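Breakdown of the fold
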Amino acid sequence: MQANMLRVRICAIEQLTPDIKAFCMRAIDEKALAGFSAGSHVLVSMQHGERVMRNAYSLASSPLQLENYRIAVRIQPQSRGGSVFMHEKVRVGDSLEISPPSNLFPLDRTAMKHVLIAAGVGITPFMSYLPEIKAMGVGHELHYGYRSPRHAAFIDELRCHWGGGLHAYRGDLAQRIDPEKILDGQPLGTHVYVCGPRTLIEETIAVARGLGWPEGHVHWERFASPAPGAAFQAYCARSQREINVAAEVTLLEALEAAGIDVPNLCRGGVCGQCQTELVAGEADHRDSFLTDVDKHGKIMPCVSRARGARLVLNL
Amino acid sequence: MDKSGHPFLMPDRYARRHVVVTDWNGHDAVSRFLALAQDTAAPVDLFRLDDAIELCGDSQTLQMQRYDDIDVLIGAVITAVRAAGMGVRVYLVGHEAFAARVSASMEACGLSRREIQCQPCGIATLQLFCVHCRKISQGNGAQRKITCPGCNRRLEVRHHYSRRLGAYLAVSTDVDAACDAS
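If you're wondering where the values come from, they're calculated on a predicted model, not measured in any experiment. (Residues numbered from 1 in each chain as written. Chains lettered and ligands numbered in written order. Predicted model: local features only at pLDDT ≥ 70, side-chain atom pairs only at ≥ 80, totals over all residues. Heavy atoms only, no water.)

1. As for the nonpolar core
All names here are of chain A. Judged by nonpolar contacts, the single largest core of 29 residues is most densely connected at I123, F126, Y129, Y144, F154 and L158. Those elements that provide at least two residues to this core are β2 (20-27), β8 (113-119), α2 (129-136), β9 (139-146), α3 (155-162) and β11 (190-195). Not counting residues up to four positions away in its chain, the partners in contact with I123 are A118, L142, Y144, A153, F154 and L158. By size, the runner-up hydrophobic cluster in this structure holds 25 residues, among which are A234, C274, L278 and A283. (Core = buried A, V, L, I, M, F, W, Y, C linked by side-chain atoms within 4.5 Å. Buried < 20%, exposed > 50% of the residue type's maximum accessible area, 1.4 Å probe, protein only. Helix = DSSP H or I, 4+ residues; strand = E, 2+ residues; numbered from the N terminus. Contact = heavy atoms within 4.5 Å.)

Now the structure itself:
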(Lines give C-alpha, C1' and ligand atoms only; values in the text may rest on other atoms or scores of the structure.)
Protein backbone atom coordinates (compact mmCIF):
# COMPACT_ATOMS: atom_id res chain seq x y z
CA MET A 1 0.00 0.00 0.00
CA GLN A 2 1.37 3.40 -0.95
CA ALA A 3 2.13 5.79 1.86
CA ASN A 4 -0.88 7.83 3.05
CA MET A 5 -3.50 5.88 1.05
CA LEU A 6 -6.82 5.60 2.90
CA ARG A 7 -8.61 2.33 3.50
CA VAL A 8 -12.37 2.59 3.15
CA ARG A 9 -15.35 0.28 3.39
CA ILE A 10 -18.27 0.49 0.97
CA CYS A 11 -21.35 1.23 3.07
CA ALA A 12 -23.95 1.68 0.32
CA ILE A 13 -24.32 1.19 -3.43
CA GLU A 14 -27.13 2.81 -5.40
CA GLN A 15 -28.05 2.31 -9.05
CA LEU A 16 -28.71 5.90 -10.09
CA THR A 17 -29.31 5.28 -13.79
CA PRO A 18 -28.98 2.23 -16.07
CA ASP A 19 -25.25 2.88 -16.42
CA ILE A 20 -24.28 4.90 -13.33
CA LYS A 21 -23.80 3.54 -9.81
CA ALA A 22 -23.11 5.62 -6.71
CA PHE A 23 -20.78 4.20 -4.05
CA CYS A 24 -20.77 5.49 -0.48
CA MET A 25 -17.71 4.75 1.61
CA ARG A 26 -16.56 5.26 5.18
CA ALA A 27 -13.08 5.11 6.70
CA ILE A 28 -12.33 1.53 7.71
CA ASP A 29 -11.28 2.45 11.25
CA GLU A 30 -14.41 4.59 11.66
CA LYS A 31 -12.35 7.77 11.96
CA ALA A 32 -13.33 10.82 9.96
CA LEU A 33 -12.23 10.91 6.35
CA ALA A 34 -9.78 13.55 5.06
CA GLY A 35 -11.26 16.99 4.48
CA PHE A 36 -11.51 18.25 0.91
CA SER A 37 -12.54 21.25 -1.14
CA ALA A 38 -15.35 21.08 -3.68
CA GLY A 39 -14.23 19.67 -7.02
CA SER A 40 -11.75 17.20 -5.53
CA HIS A 41 -11.28 13.65 -6.74
CA VAL A 42 -9.83 10.48 -5.24
CA LEU A 43 -7.91 7.69 -6.97
CA VAL A 44 -9.56 4.34 -6.33
CA SER A 45 -7.26 1.30 -6.47
CA MET A 46 -8.86 -1.75 -7.98
CA GLN A 47 -7.09 -5.07 -7.53
CA HIS A 48 -8.00 -7.47 -10.29
CA GLY A 49 -5.90 -10.62 -10.00
CA GLU A 50 -2.34 -9.38 -10.36
CA ARG A 51 -3.25 -6.06 -11.92
CA VAL A 52 -3.80 -2.91 -9.93
CA MET A 53 -5.76 -0.23 -11.74
CA ARG A 54 -6.25 3.23 -10.38
CA ASN A 55 -9.06 5.44 -11.64
CA ALA A 56 -9.88 8.99 -10.62
CA TYR A 57 -13.44 9.66 -9.46
CA SER A 58 -14.85 13.02 -8.36
CA LEU A 59 -16.16 13.26 -4.82
CA ALA A 60 -19.92 13.74 -5.15
CA SER A 61 -20.61 14.40 -1.49
CA SER A 62 -20.70 17.59 0.57
CA PRO A 63 -17.31 18.83 1.84
CA LEU A 64 -19.12 19.87 5.01
CA GLN A 65 -19.51 16.31 6.24
CA LEU A 66 -16.63 13.86 6.51
CA GLU A 67 -18.40 10.73 7.70
CA ASN A 68 -18.60 9.33 4.21
CA TYR A 69 -17.48 10.00 0.66
CA ARG A 70 -19.68 9.39 -2.35
CA ILE A 71 -18.49 8.73 -5.90
CA ALA A 72 -20.44 7.93 -9.05
CA VAL A 73 -19.11 5.54 -11.69
CA ARG A 74 -20.44 5.20 -15.22
CA ILE A 75 -19.89 1.77 -16.73
CA GLN A 76 -17.78 1.77 -19.88
CA PRO A 77 -17.59 -1.69 -21.42
CA GLN A 78 -14.99 -0.66 -24.03
CA SER A 79 -12.49 0.58 -21.44
CA ARG A 80 -9.70 -1.26 -19.63
CA GLY A 81 -12.10 -2.57 -17.06
CA GLY A 82 -11.98 -0.22 -14.05
CA SER A 83 -15.64 0.81 -14.27
CA VAL A 84 -16.68 -2.77 -15.07
CA PHE A 85 -14.81 -3.89 -11.94
CA MET A 86 -16.62 -1.29 -9.82
CA HIS A 87 -20.05 -2.21 -11.18
CA GLU A 88 -19.73 -5.98 -11.21
CA LYS A 89 -17.24 -6.92 -8.49
CA VAL A 90 -17.62 -4.39 -5.67
CA ARG A 91 -20.23 -5.16 -2.98
CA VAL A 92 -21.41 -3.42 0.18
CA GLY A 93 -18.98 -4.29 2.94
CA ASP A 94 -15.97 -4.60 0.61
CA SER A 95 -12.90 -2.57 1.44
CA LEU A 96 -10.97 -0.48 -1.06
CA GLU A 97 -7.88 1.64 -1.03
CA ILE A 98 -8.20 5.27 -2.13
CA SER A 99 -5.78 8.17 -2.36
CA PRO A 100 -6.35 11.28 -0.26
CA PRO A 101 -8.42 13.84 -2.16
CA SER A 102 -6.72 16.25 -4.56
CA ASN A 103 -8.36 19.10 -6.41
CA LEU A 104 -7.84 20.03 -10.06
CA PHE A 105 -11.26 21.65 -10.43
CA PRO A 106 -11.80 24.06 -7.54
CA LEU A 107 -14.27 26.95 -7.28
CA ASP A 108 -12.81 30.40 -7.84
CA ARG A 109 -12.97 32.22 -4.52
CA THR A 110 -13.19 35.68 -6.08
CA ALA A 111 -16.17 34.92 -8.34
CA MET A 112 -19.33 36.98 -8.01
CA LYS A 113 -21.33 34.22 -9.70
CA HIS A 114 -20.78 30.58 -10.61
CA VAL A 115 -22.38 29.06 -13.73
CA LEU A 116 -22.10 25.29 -13.90
CA ILE A 117 -22.60 23.25 -17.09
CA ALA A 118 -22.77 19.45 -16.86
CA ALA A 119 -23.53 16.66 -19.27
CA GLY A 120 -24.29 13.11 -18.15
CA VAL A 121 -21.92 11.77 -15.51
CA GLY A 122 -20.15 15.16 -15.63
CA ILE A 123 -22.63 16.22 -12.94
CA THR A 124 -20.57 14.40 -10.27
CA PRO A 125 -18.02 17.11 -9.31
CA PHE A 126 -20.85 19.66 -9.09
CA MET A 127 -22.55 17.59 -6.38
CA SER A 128 -19.81 18.81 -4.01
CA TYR A 129 -20.00 22.43 -5.20
CA LEU A 130 -23.33 23.63 -3.88
CA PRO A 131 -22.55 23.69 -0.13
CA GLU A 132 -19.44 25.78 -0.81
CA ILE A 133 -21.26 28.10 -3.22
CA LYS A 134 -24.01 28.64 -0.65
CA ALA A 135 -21.40 29.46 1.98
CA MET A 136 -19.94 32.10 -0.37
CA GLY A 137 -23.36 33.68 -0.73
CA VAL A 138 -22.97 34.50 -4.43
CA GLY A 139 -25.19 33.95 -7.48
CA HIS A 140 -25.22 30.51 -9.08
CA GLU A 141 -26.98 28.44 -11.70
CA LEU A 142 -26.65 24.87 -12.91
CA HIS A 143 -27.29 23.65 -16.45
CA TYR A 144 -27.57 19.87 -16.64
CA GLY A 145 -28.04 17.91 -19.83
CA TYR A 146 -28.95 14.22 -19.85
CA ARG A 147 -30.26 11.69 -22.35
CA SER A 148 -33.64 11.15 -20.69
CA PRO A 149 -35.15 11.34 -17.17
CA ARG A 150 -33.99 7.73 -16.62
CA HIS A 151 -30.42 8.89 -17.18
CA ALA A 152 -30.57 11.95 -14.94
CA ALA A 153 -28.27 11.00 -12.06
CA PHE A 154 -28.95 12.82 -8.77
CA ILE A 155 -31.88 14.74 -10.31
CA ASP A 156 -34.15 14.62 -7.24
CA GLU A 157 -31.38 15.82 -4.94
CA LEU A 158 -30.51 18.59 -7.40
CA ARG A 159 -34.12 19.78 -7.73
CA CYS A 160 -34.40 19.87 -3.96
CA HIS A 161 -31.22 21.90 -3.38
CA TRP A 162 -31.03 24.10 -6.49
CA GLY A 163 -34.71 24.84 -7.04
CA GLY A 164 -35.10 27.41 -9.79
CA GLY A 165 -31.34 27.60 -10.23
CA LEU A 166 -31.40 24.21 -11.97
CA HIS A 167 -31.94 24.21 -15.74
CA ALA A 168 -32.47 20.71 -17.13
CA TYR A 169 -31.97 19.75 -20.78
CA ARG A 170 -33.53 16.49 -21.93
CA GLY A 171 -31.91 14.84 -24.91
CA ASP A 172 -35.07 12.86 -25.61
CA LEU A 173 -36.93 16.13 -26.16
CA ALA A 174 -34.10 17.48 -28.33
CA GLN A 175 -33.28 20.12 -25.68
CA ARG A 176 -29.67 21.09 -26.14
CA ILE A 177 -27.31 22.97 -23.83
CA ASP A 178 -26.54 26.21 -25.68
CA PRO A 179 -23.42 27.85 -24.19
CA GLU A 180 -24.11 31.06 -26.13
CA LYS A 181 -27.53 31.48 -24.50
CA ILE A 182 -26.12 30.61 -21.09
CA LEU A 183 -23.09 32.90 -21.12
CA ASP A 184 -24.48 35.95 -22.93
CA GLY A 185 -25.42 38.74 -20.53
CA GLN A 186 -23.84 37.24 -17.41
CA PRO A 187 -22.81 39.86 -14.82
CA LEU A 188 -19.28 40.94 -13.94
CA GLY A 189 -17.21 38.40 -12.09
CA THR A 190 -19.03 35.32 -13.44
CA HIS A 191 -17.06 32.12 -13.73
CA VAL A 192 -18.22 29.14 -15.77
CA TYR A 193 -17.37 25.52 -14.99
CA VAL A 194 -18.02 22.80 -17.53
CA CYS A 195 -17.77 19.04 -17.09
CA GLY A 196 -18.75 16.79 -19.95
CA PRO A 197 -17.60 15.63 -23.39
CA ARG A 198 -14.75 17.35 -25.21
CA THR A 199 -17.11 18.93 -27.75
CA LEU A 200 -19.14 20.67 -25.04
CA ILE A 201 -15.98 21.92 -23.33
CA GLU A 202 -14.49 23.22 -26.58
CA GLU A 203 -17.74 24.91 -27.57
CA THR A 204 -18.01 26.63 -24.18
CA ILE A 205 -14.41 27.84 -24.34
CA ALA A 206 -14.94 29.20 -27.86
CA VAL A 207 -18.23 30.90 -26.96
CA ALA A 208 -16.71 32.48 -23.84
CA ARG A 209 -13.80 33.84 -25.87
CA GLY A 210 -16.17 35.24 -28.47
CA LEU A 211 -18.16 37.00 -25.75
CA GLY A 212 -14.99 38.60 -24.40
CA TRP A 213 -14.64 36.50 -21.26
CA PRO A 214 -11.04 36.40 -20.03
CA GLU A 215 -9.47 32.93 -19.92
CA GLY A 216 -9.23 32.59 -16.17
CA HIS A 217 -13.04 32.65 -15.95
CA VAL A 218 -13.57 29.37 -17.81
CA HIS A 219 -12.86 26.15 -15.90
CA TRP A 220 -13.30 22.65 -17.23
CA GLU A 221 -12.85 19.04 -16.28
CA ARG A 222 -13.00 16.10 -18.61
CA PHE A 223 -13.24 12.51 -17.49
CA ALA A 224 -10.73 10.88 -19.75
CA SER A 225 -9.90 7.34 -18.88
CA PRO A 226 -6.95 5.85 -20.68
CA ALA A 227 -7.78 3.57 -23.58
CA PRO A 228 -6.04 0.26 -24.14
CA GLY A 229 -3.52 -0.24 -26.97
CA ALA A 230 -0.85 -2.59 -28.28
CA ALA A 231 1.60 -4.14 -25.85
CA PHE A 232 5.13 -2.70 -25.78
CA GLN A 233 8.37 -2.62 -23.80
CA ALA A 234 9.58 0.25 -21.63
CA TYR A 235 13.23 0.42 -20.60
CA CYS A 236 14.05 2.54 -17.56
CA ALA A 237 17.53 3.88 -18.26
CA ARG A 238 18.50 5.00 -14.79
CA SER A 239 17.31 1.92 -12.90
CA GLN A 240 18.29 -0.29 -15.85
CA ARG A 241 15.04 -2.22 -15.83
CA GLU A 242 13.01 -3.60 -18.70
CA ILE A 243 9.24 -3.39 -18.14
CA ASN A 244 6.52 -5.17 -20.13
CA VAL A 245 3.46 -3.05 -20.74
CA ALA A 246 0.51 -5.31 -21.60
CA ALA A 247 -2.22 -4.19 -23.96
CA GLU A 248 -4.84 -3.36 -21.33
CA VAL A 249 -2.39 -1.84 -18.83
CA THR A 250 -1.20 1.77 -18.93
CA LEU A 251 2.50 2.60 -18.89
CA LEU A 252 2.01 4.23 -15.49
CA GLU A 253 0.35 1.11 -14.07
CA ALA A 254 3.11 -1.10 -15.45
CA LEU A 255 5.76 1.12 -13.84
CA GLU A 256 3.89 1.11 -10.53
CA ALA A 257 3.50 -2.67 -10.65
CA ALA A 258 7.27 -2.90 -11.06
CA GLY A 259 7.75 -0.75 -7.97
CA ILE A 260 8.72 2.42 -9.85
CA ASP A 261 6.68 5.24 -8.37
CA VAL A 262 5.90 8.13 -10.68
CA PRO A 263 4.12 11.16 -9.21
CA ASN A 264 0.55 11.32 -10.54
CA LEU A 265 -2.72 13.08 -9.85
CA CYS A 266 -5.40 12.88 -12.52
CA ARG A 267 -4.52 9.67 -14.37
CA GLY A 268 -6.29 11.16 -17.36
CA GLY A 269 -3.54 13.08 -19.18
CA VAL A 270 -4.50 16.60 -18.14
CA CYS A 271 -2.64 17.64 -15.01
CA GLY A 272 1.04 17.19 -15.90
CA GLN A 273 2.16 15.53 -12.66
CA CYS A 274 3.45 12.30 -14.22
CA GLN A 275 5.53 14.01 -16.92
CA THR A 276 8.51 11.77 -17.69
CA GLU A 277 11.57 12.30 -19.87
CA LEU A 278 11.52 10.22 -23.02
CA VAL A 279 15.04 9.23 -24.03
CA ALA A 280 14.36 7.10 -27.09
CA GLY A 281 11.48 5.55 -29.00
CA GLU A 282 8.41 7.07 -30.60
CA ALA A 283 5.51 7.87 -28.31
CA ASP A 284 1.80 7.64 -29.06
CA HIS A 285 0.79 10.84 -27.23
CA ARG A 286 -2.77 10.69 -25.93
CA ASP A 287 -2.60 13.45 -23.34
CA SER A 288 -4.02 16.98 -23.22
CA PHE A 289 -1.04 18.51 -21.44
CA LEU A 290 2.17 18.54 -23.48
CA THR A 291 2.83 21.20 -26.09
CA ASP A 292 3.99 20.10 -29.54
CA VAL A 293 7.51 21.11 -28.61
CA ASP A 294 7.44 19.11 -25.37
CA LYS A 295 6.21 16.01 -27.18
CA HIS A 296 9.68 15.47 -28.61
CA GLY A 297 11.34 14.55 -25.34
CA LYS A 298 8.54 13.97 -22.85
CA ILE A 299 5.65 11.61 -22.28
CA MET A 300 2.66 11.37 -19.95
CA PRO A 301 2.67 7.69 -18.89
CA CYS A 302 -0.83 7.78 -17.40
CA VAL A 303 -2.45 7.76 -20.85
CA SER A 304 0.23 7.63 -23.56
CA ARG A 305 1.79 4.56 -25.09
CA ALA A 306 4.44 3.60 -27.65
CA ARG A 307 4.05 3.90 -31.38
CA GLY A 308 6.59 1.13 -31.94
CA ALA A 309 7.84 -1.76 -29.85
CA ARG A 310 9.92 0.05 -27.25
CA LEU A 311 10.37 3.27 -25.30
CA VAL A 312 13.36 4.32 -23.22
CA LEU A 313 12.52 6.50 -20.22
CA ASN A 314 14.74 8.48 -17.90
CA LEU A 315 13.57 6.63 -14.80
CA MET B 1 6.61 51.52 -25.17
CA ASP B 2 6.34 55.08 -23.94
CA LYS B 3 9.29 57.18 -22.77
CA SER B 4 9.29 55.72 -19.27
CA GLY B 5 9.30 52.17 -20.60
CA HIS B 6 5.67 51.31 -19.95
CA PRO B 7 4.03 49.26 -22.70
CA PHE B 8 1.30 51.17 -24.50
CA LEU B 9 -2.27 50.13 -23.85
CA MET B 10 -3.61 47.76 -26.47
CA PRO B 11 -7.36 47.40 -26.90
CA ASP B 12 -8.29 43.78 -26.27
CA ARG B 13 -9.67 42.54 -29.59
CA TYR B 14 -12.03 40.15 -27.81
CA ALA B 15 -13.60 42.86 -25.64
CA ARG B 16 -17.29 43.64 -26.04
CA ARG B 17 -16.90 47.10 -24.57
CA HIS B 18 -13.87 49.28 -23.77
CA VAL B 19 -14.09 51.62 -20.80
CA VAL B 20 -11.26 54.17 -20.61
CA VAL B 21 -10.75 56.11 -17.38
CA THR B 22 -8.19 58.89 -17.26
CA ASP B 23 -6.97 61.89 -15.29
CA TRP B 24 -4.35 62.72 -17.86
CA ASN B 25 -4.22 65.86 -19.97
CA GLY B 26 -1.70 64.69 -22.49
CA HIS B 27 -2.79 63.60 -25.95
CA ASP B 28 -0.56 60.63 -26.63
CA ALA B 29 -1.77 57.77 -24.49
CA VAL B 30 -5.52 58.17 -24.72
CA SER B 31 -5.64 59.36 -28.35
CA ARG B 32 -3.40 56.53 -29.45
CA PHE B 33 -5.60 54.05 -27.68
CA LEU B 34 -8.80 55.49 -29.17
CA ALA B 35 -7.34 55.24 -32.66
CA LEU B 36 -6.48 51.57 -32.12
CA ALA B 37 -9.85 50.83 -30.55
CA GLN B 38 -11.59 51.92 -33.74
CA ASP B 39 -10.27 48.72 -35.33
CA THR B 40 -12.14 46.57 -32.84
CA ALA B 41 -15.87 46.06 -33.05
CA ALA B 42 -16.49 47.23 -29.49
CA PRO B 43 -17.81 50.64 -28.41
CA VAL B 44 -15.69 52.86 -26.18
CA ASP B 45 -16.78 54.78 -23.08
CA LEU B 46 -14.40 57.50 -21.93
CA PHE B 47 -14.41 58.89 -18.42
CA ARG B 48 -12.21 61.87 -17.49
CA LEU B 49 -11.36 63.40 -14.19
CA ASP B 50 -10.72 67.19 -14.35
CA ASP B 51 -11.84 69.86 -16.71
CA ALA B 52 -8.71 70.15 -18.82
CA ILE B 53 -8.45 70.94 -22.50
CA GLU B 54 -10.40 69.00 -25.07
CA LEU B 55 -8.75 65.80 -26.30
CA CYS B 56 -8.00 65.62 -29.96
CA GLY B 57 -9.79 62.82 -31.67
CA ASP B 58 -13.26 62.07 -32.86
CA SER B 59 -15.12 62.81 -29.65
CA GLN B 60 -18.53 62.78 -31.35
CA THR B 61 -18.39 59.04 -31.84
CA LEU B 62 -17.52 58.37 -28.20
CA GLN B 63 -19.44 58.62 -25.03
CA MET B 64 -17.22 61.01 -23.07
CA GLN B 65 -18.12 61.87 -19.52
CA ARG B 66 -16.22 64.37 -17.37
CA TYR B 67 -16.17 64.70 -13.63
CA ASP B 68 -14.30 66.92 -11.22
CA ASP B 69 -14.88 64.63 -8.23
CA ILE B 70 -13.13 61.25 -8.18
CA ASP B 71 -15.81 59.51 -6.10
CA VAL B 72 -18.56 60.57 -8.48
CA LEU B 73 -16.35 59.50 -11.41
CA ILE B 74 -15.77 56.08 -9.86
CA GLY B 75 -19.51 55.69 -9.22
CA ALA B 76 -20.25 56.42 -12.88
CA VAL B 77 -17.58 53.97 -14.05
CA ILE B 78 -19.02 51.26 -11.79
CA THR B 79 -22.47 51.84 -13.30
CA ALA B 80 -21.02 51.55 -16.80
CA VAL B 81 -19.04 48.35 -16.20
CA ARG B 82 -21.95 46.69 -14.40
CA ALA B 83 -24.23 47.52 -17.32
CA ALA B 84 -21.66 46.07 -19.73
CA GLY B 85 -21.24 42.83 -17.79
CA MET B 86 -18.82 40.09 -18.85
CA GLY B 87 -16.72 41.10 -21.85
CA VAL B 88 -15.91 44.60 -20.62
CA ARG B 89 -12.32 45.79 -20.39
CA VAL B 90 -11.16 48.79 -18.36
CA TYR B 91 -8.13 50.86 -19.35
CA LEU B 92 -6.66 53.30 -16.85
CA VAL B 93 -4.48 56.14 -18.06
CA GLY B 94 -3.09 58.60 -15.58
CA HIS B 95 -1.35 59.20 -12.31
CA GLU B 96 -0.51 56.05 -10.42
CA ALA B 97 -2.50 56.90 -7.31
CA PHE B 98 -5.57 57.66 -9.45
CA ALA B 99 -5.17 54.40 -11.38
CA ALA B 100 -4.65 52.42 -8.18
CA ARG B 101 -7.81 53.80 -6.63
CA VAL B 102 -9.95 53.14 -9.71
CA SER B 103 -8.42 49.68 -10.15
CA ALA B 104 -9.26 48.72 -6.57
CA SER B 105 -12.88 49.78 -7.15
CA MET B 106 -13.05 47.74 -10.34
CA GLU B 107 -11.76 44.63 -8.58
CA ALA B 108 -14.35 45.12 -5.85
CA CYS B 109 -17.00 44.98 -8.60
CA GLY B 110 -15.74 41.62 -9.75
CA LEU B 111 -13.28 42.45 -12.53
CA SER B 112 -10.14 40.36 -12.57
CA ARG B 113 -6.65 41.69 -13.33
CA ARG B 114 -6.94 40.36 -16.87
CA GLU B 115 -9.81 42.76 -17.49
CA ILE B 116 -7.92 45.86 -16.32
CA GLN B 117 -4.95 47.50 -18.05
CA CYS B 118 -2.98 50.42 -16.66
CA GLN B 119 -0.80 53.05 -18.28
CA PRO B 120 0.79 55.21 -15.63
CA CYS B 121 1.52 58.78 -16.71
CA GLY B 122 3.17 61.73 -15.07
CA ILE B 123 5.21 61.79 -11.93
CA ALA B 124 4.74 58.61 -9.95
CA THR B 125 2.17 59.30 -7.27
CA LEU B 126 1.15 56.67 -4.82
CA GLN B 127 -1.65 56.11 -2.41
CA LEU B 128 -0.37 55.55 1.10
CA PHE B 129 -2.32 53.85 3.87
CA CYS B 130 -1.48 54.80 7.44
CA VAL B 131 -1.77 51.61 9.47
CA HIS B 132 -2.34 53.64 12.64
CA CYS B 133 -5.23 55.95 11.75
CA ARG B 134 -6.17 54.18 8.46
CA LYS B 135 -6.17 57.38 6.43
CA ILE B 136 -5.24 57.12 2.77
CA SER B 137 -3.14 60.02 1.50
CA GLN B 138 -1.13 60.71 -1.63
CA GLY B 139 2.61 60.66 -1.87
CA ASN B 140 5.06 60.73 -4.71
CA GLY B 141 7.22 57.80 -5.65
CA ALA B 142 10.40 59.41 -4.36
CA GLN B 143 9.27 59.97 -0.78
CA ARG B 144 10.33 57.30 1.69
CA LYS B 145 9.00 59.20 4.73
CA ILE B 146 5.88 61.32 5.07
CA THR B 147 3.84 62.97 7.78
CA CYS B 148 0.36 61.50 7.93
CA PRO B 149 -2.29 64.18 7.33
CA GLY B 150 -4.69 62.19 9.48
CA CYS B 151 -2.73 61.64 12.70
CA ASN B 152 0.48 63.66 12.18
CA ARG B 153 2.74 60.68 12.81
CA ARG B 154 5.99 60.46 10.90
CA LEU B 155 5.58 57.39 8.64
CA GLU B 156 7.92 55.24 6.59
CA VAL B 157 6.53 54.01 3.27
CA ARG B 158 6.86 50.25 3.05
CA HIS B 159 7.14 48.06 -0.05
CA HIS B 160 4.04 46.17 0.98
CA TYR B 161 1.15 46.98 -1.44
CA SER B 162 -2.53 46.26 -0.87
CA ARG B 163 -4.46 45.72 -4.10
CA ARG B 164 -7.71 45.89 -2.25
CA LEU B 165 -6.92 49.40 -0.99
CA GLY B 166 -4.79 50.40 -3.97
CA ALA B 167 -2.20 51.72 -1.52
CA TYR B 168 1.21 51.11 -0.04
CA LEU B 169 1.36 50.58 3.71
CA ALA B 170 3.00 53.33 5.76
CA VAL B 171 4.13 52.59 9.29
CA SER B 172 5.35 54.91 12.04
CA THR B 173 9.11 55.39 12.04
CA ASP B 174 8.90 54.87 15.78
CA VAL B 175 6.60 51.84 15.94
CA ASP B 176 6.90 51.24 19.68
CA ALA B 177 5.88 54.75 20.60
CA ALA B 178 3.06 54.65 18.07
CA CYS B 179 1.68 51.43 19.53
CA ASP B 180 1.90 52.74 23.09
CA ALA B 181 0.05 55.86 22.10
CA SER B 182 -2.87 54.10 20.36
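2. Topic: the interface of chain A and chain B
Tallying the contact residues gives 15 residues for chain A and 16 residues for chain B. Summing both sides of the interface, chain A and chain B together bury roughly 1200 Å²; the carbon and sulfur share of this comes to 63%. Among the residues of chain A in contact with chain B, L188, G212 and P214 of chain A are the three that bury the most area, contributing 43% of the side total. The tally of links between chain A and chain B comes to 1 salt bridge. Notably, a salt bridge pairs D184 of chain A with R16 of chain B, separated by 2.9 Å at the nearest N-O pair. (Buried area = accessible area lost by both parts, 1.4 Å probe. Salt bridge = Lys/Arg side-chain N within 4 Å of Asp/Glu carboxyl O.)

3. Observations concerning the pairing of strand β5 (residues 69-74) of chain A
Each regular strand shows side chains that alternate between the opposite faces of the sheet. Residue and element names in this part refer to chain A. With 5 of 6 residues buried, β5 lies mostly within the body of the structure. The sheet contact formed by β2 and β5 spans 6 bridges and is antiparallel. In the sheet register, C24 faces β5, and the bridge partner there is R70. (Pairing = 2+ DSSP bridges.)

4. A look at empty space enclosed by the protein
It is a probe the size of a water molecule, rolled over the atoms, that shows where empty space is left. Residue and element names in this part refer to chain A. Across all of its chains, the model carries 3 cavities of 30 Å³ or more by this definition. If you add up the space inside the largest cavity, you get close to 40 Å³. Taken together, R54, N55, R80, P226, T250, L252, E253, R267 and C302 form the lining of the largest cavity. Among the secondary structure elements, those contributing two or more residues to the lining of the largest cavity are β4 (51-58) and α6 (251-257). (1 Å grid on protein atoms, 1.4 Å probe; cavity = no way out; pocket = protein on both sides within 12 Å on 5 of 7 lines; lining within 4 Å. Points joined across faces, edges and corners; volume = space filled by probe spheres on them.)

5. Description of the packing of aromatic side chains
All names here are of chain A. In the structure shown here, the tally under the stated rule is 9 aromatic pairs over all chains. Ring geometry for F126 versus Y129: centroids 5.2 Å apart, planes at 65 degrees, classification edge-to-face. Accessibility classification places F126 together with Y129 in one group, the buried group. (Phe/Tyr/Trp six-rings, centres within 6.5 Å; stacked < 30°, edge-to-face > 60°.)

6. A few points about the sheet that holds strand β7 (residues 136-140) of chain B
All names here are of chain B. As summarised here, the arrangement of the 5 strands in space is β7-β6-β10-β9-β8, forming an open sheet in which the pairing is mixed. Among the strands making up the open sheet, the edge pair consists of β7 and β8 (145-147). Direction aside, the axes of adjacent strands within the sheet are offset by 45 degrees on average. Of the pairings in the sheet, the one linking strand β9 (residues 154-162) to strand β10 (residues 167-172) comprises 5 bridges and is antiparallel in character. Looking at the pairing, L155 lines up with S172 of β10. Sitting on the sheet, helix α3 (residues 96-109) touches β6 (125-130), β7 and β9, and the angle it makes with β6 is about 60 degrees. (Axes fitted to C-alpha atoms, helices over the stretch in contact; angles between N-to-C directions.)

7. A few points about the sheet that holds strand β10 (residues 166-170) of chain A
Residue and element names in this part refer to chain A. In spatial order, the strands read β10-β9-β8-β11-β12; together these 5 strands make up an open sheet with parallel pairing. The outermost strands of the open sheet, each flanked by one partner alone, are β10 and β12 (218-221). The mean inter-strand angle of the sheet, taken between neighbouring strand axes irrespective of direction, is 15 degrees. By the bridge criterion, 6 bridges tie β8 to β11 in an arrangement that is parallel. Within β11, the position partnered with A118 by the bridge is C195. Sheet strands in contact with α2 are β8, β9 and β11, and its direction is about 165 degrees off that of β8. Contacting β8, β11 and β12, helix α5 (residues 198-210) runs over the sheet at an angle of about 175 degrees to β12.

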